[in-house]
Amino acid sequence: MERLLEINNLKVSFFTHAGEVRAVNDISYTLDKGEIIGVVGESGSGKSVTASTVMGLVENPGRVTGGSVIFDGRDITKLSSKEIRKLRGKEISMIFQDPMTSLNPVYTIGSQVKEAIKLYYGKTGKEADAKAIELLKLVSINEPERRLKQYPHEFSGGMRQRVMIAIALAGNPKMLIADEPTTALDVTIQAQILEIIRDLKSKINMSVMMITHDLGIVADIADKVVVMYGGKIVEAAPCEEIFRHPSHPYTIGLLNSIPKLDNDEPLIPIEGSPIDLLNPPKGCPFAQRCDKCLKVCITNMPPYTKISEGHSSACWLLDERAKAGGDKV
Amino acid sequence: MNEQLIKVENIKQHFHVHNTFSRGVVKAVDGVSFSIKKGETLGLVGESGCGKTTLGRTILRLIEPTSGKIFYEGNDITSGNITEYRKKMQIIFQDPYASLDPRMSVADIVGEPLDIHKLYRNKKERSEKIMALLRTVGLNSDHAQRYPHEFSGGQRQRIGIARAIAVQPSFIVCDEPVSALDVSIQAQIINMLEEMQHKMSLTYLFIAHDLSVVKHISDNVGVMYLGSMVELASSEELYRKPLHPYTQALISSIPVAKPKSEITTKRQVLKGEIPSPLNPPSGCKFRTRCPMAKEECAQSDPELREVSPGHLCACHFVKKSV
């Protein structure tokens, strides 16, 4: 498979009055053509900031402080804002969590879809009409001719999210970033949207970065997964692997804290609260909530241990050196 | 422990809509009946707009019902002074960011119900009670003088829970108490709610759109669609043998955190969207999205009836099994 995106040792910080917030702290991952990657983490884990960086959307007081984002051979972090603008919509597109506020209420759906077609596809008039209908069909909107004449308030949440996907696809991008695209939707509608995203992969070989907090969605749709915590990637693995052999205590904790439909075992929560990114710990970001924490975890960030092909985890418990002489706290 | 604490009969909540764009009646809750036994949890699930939150608030008479009856321990509380019953029935809200007054300290938020119902003799007793409540929900006395913005979502929800249990209620409506929280924090709150239920023998009406959370915490579960209850059964039974086509679709729509190769059931994706509550379909309200719908569904609204002991379902095609 062909490599499309390569994130290398990326660091993004926000310089606020209170100090430097290290939102993304030295992360690396890759995405191939036609692949769906699930980026999982809770609020403040840095998953959305990573996506914004790929789109070139990090703004003051935020800054990329290290590393690179290589998209199709070019380093996005080195491009000028003019060059990035050429990339957006044509090469990389993004859809957001809230489809209710992403559309302009005073313009018809058609004019908003065609605006994107004009900008990113360079077509107007009849050709744009035809393309708009084709896009709406691609996201399974029935009667596209009639729907294009309607206004956003005539569309439900799920339908608006489809329109957002159609707009994102106007410039035939190579990659779609979906930032919690179904969080605001009901489960039956969520299932419909996930099916559309899966179709995009099979029909037009789209690469998708799926940012979510829901491990169920990841299991459903992703080819591989990275789990983020406190600005770091704590575990990365092919999708099947992460559910079969989760190896980082945070991933395991996350899986144990979801109620399951097929059994009634008591939930094992992860104690404590998420870390304060203003004062990130020196060692492992998860150390203070981890029930298996060693002394070394507090002082040193664990290196990545390779568990199997494509599966690695940043935990001292998996490291030979710590296994030999690790003291429990 | 088997007596009914809460019983509602044919409760209706209709809102009149009068504005530039539309006029008519939204039947947010349209004739729902159920009862909850002491110490048990009834879960309510359904998609947005199905009326589950309105139902919860109507039972507490935060909104006066259009018609129907509400009973607390057999006493009709549908009309008349509710103040006495406020001590027995409380609510935990969904959004811990919006449900706490940002200008009140935690001690005052938790203490307000004590003030309203005059549940202390002097200041010392008031602050002792507040500290005890904070400890119950896993906070400590250092937190008492702080303000809501200093807390994370999970901690705020704990404050909201402390406020709800301040008056020592026996019944709590939990309106989506964990849906605004991160997964790792959700489990903490769910476990705490379960623990409190055992210790204080609480009865819950647990409203959520997340079926797996509801299944976990509830004894019985009711499924709502456009203002009506379409299925009601014990939580075990409902997930093992869902009868209503809507319940079946709802359960199969949940993405499961498991490797694909271990998932045996086929996903059933519902077509279409929830119809407008201003203009619901005739007959069975689910028929526009139902894969089994036939002509008779448009003509008559199926009644919620018992199809096997303790399992109620409102569908023309579900046959009585006993």
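Everything below is about the structure printed above this text.
All values reported here derive from a predicted model rather than from experimental measurement. (Residues numbered from 1 in each chain as written. Chains lettered and ligands numbered in written order. Predicted model: local features only at pLDDT ≥ 70, side-chain atom pairs only at ≥ 80, totals over all residues.)

(A) Summary view of the overall build of chain A. Along its length, chain A carries 12 helices and 12 strands. What you see for chain A is a C-alpha radius of gyration of 21 Å, in line with the 20 Å of a compact globule of 329 residues. Referenced to the eigenvectors of the C-alpha coordinate spread, the extents of chain A come out at roughly 70 × 50 × 40 Å. Taking all 329 residues of chain A together, the buried fraction comes to 49%. Taking all contacts inside chain A whose residues are at least 6 apart in sequence as the whole, residues at least 24 apart take part in 64%. (Helix = DSSP H or I, 4+ residues; strand = E, 2+ residues; numbered from the N terminus. Rg over C-alpha atoms; globule rule 2.2 N^0.38 Å. Buried ≥ 20, exposed ≤ 12 C-beta atoms within 10 Å, placed from the backbone. Contact = placed C-beta atoms within 7 Å.)

(B) Fine view of the interface of chain A and chain B. Counting from both sides, the interface comprises 37 residues of chain A and, opposite them, 34 residues of chain B. Where the side of chain A that touches chain B is concerned, the elements lending two or more residues are α6 (157-168), α7 (187-204), α8 (215-221), α9 (239-244) and α10 (249-256) of chain A. Among the elements that make up the side of chain A that touches chain B, the one with the highest residue count is α7 of chain A (seven residues). Classifying every residue of the side of chain A that touches chain B by side-chain character gives 17 nonpolar, 11 polar and nine charged. (Nonpolar A, V, L, I, M, F, W, Y, C, P; charged D, E, K, R; others polar.)

(C) Layout of helix α6 (residues 183-200) of chain B. The first and last C-alpha atoms of α6 of chain B sit 26 Å apart over 18 residues, in line with the 26 Å expected at 1.5 Å per residue. Buried residues along α6 of chain B sit against α10 of chain A together with α5 (153-165), β7 (171-175) and α7 (211-217) of chain B. Among the residues trailing α6 of chain B, S201 of chain B stands out with phi positive, at a value near 35°. (Expected span 1.5 Å × (residues − 1).)

(D) Spatial organisation of unusual backbone geometry. Residues and elements named next belong to chain A. Of the consecutive residues N60 and P61, the connecting peptide bond is found in the cis state with omega at 0°. Relative to the helices and strands, P61 is located in the loop between α1 (47-54) and β4 (62-71). Look at D72: it is not a glycine, yet its phi comes out positive at around 50°. Mapped onto the secondary structure, D72 falls in the loop between β4 and β5 (74-75). Not every positive phi belongs to a glycine, and E143 is a case in point at roughly 45°. By the element assignment, E143 lies in the loop between α4 (125-138) and α5 (144-147).

(E) Here's a closer look at α6 of chain A. Residues and elements named next belong to chain A. End to end, α6 covers 16 Å across 12 residues, agreeing with the expected 16 Å (1.5 Å per residue, within 8%). Burial analysis of α6 places 11 of its 12 residues in the buried class, the great majority of the element. All of the buried residues in α6 are G158, M159, R160, Q161, R162, V163, M164, I165, A166, I167 and A168.

(F) Spatial organisation of the nonpolar core. By size, the foremost hydrophobic cluster in this structure holds 187 residues, and its most contacted members are V113, M209, M210 and V225 of chain A together with L205 of chain B. Beyond its immediate stretch of four places on either side in the chain, V113 of chain A contacts A132, L135, L148, V163, A166, I167 and A170 of chain A. (Core = buried A, V, L, I, M, F, W, Y, C linked by C-beta atoms within 7 Å.)

(G) Structural context of the sheet that holds strand β6 (residues 92-95) of chain A. Residue and element names in this part refer to chain A. Taken in spatial order, the eight strands line up as β6-β7-β8-β3-β9-β10-β12-β11 in an open sheet, and their pairing is mixed. Each having just a single partner strand, β6 and β11 (304-308) make up the two edges of the open sheet. Averaged over all adjacent pairs, the angle separating strand axes in this sheet is 20°, with direction ignored. As paired elements, strand β7 (residues 175-179) and strand β8 (residues 207-212) share five bridges and run parallel to each other. Within the sheet, the bridge partner assigned to D179 lies in β8 and is I211. Of the strands in this sheet, β6 and β7 are in contact with α6, which crosses β6 at around 170°. (Pairing = 2+ DSSP bridges. Axes fitted to C-alpha atoms, helices over the stretch in contact; angles between N-to-C directions.)

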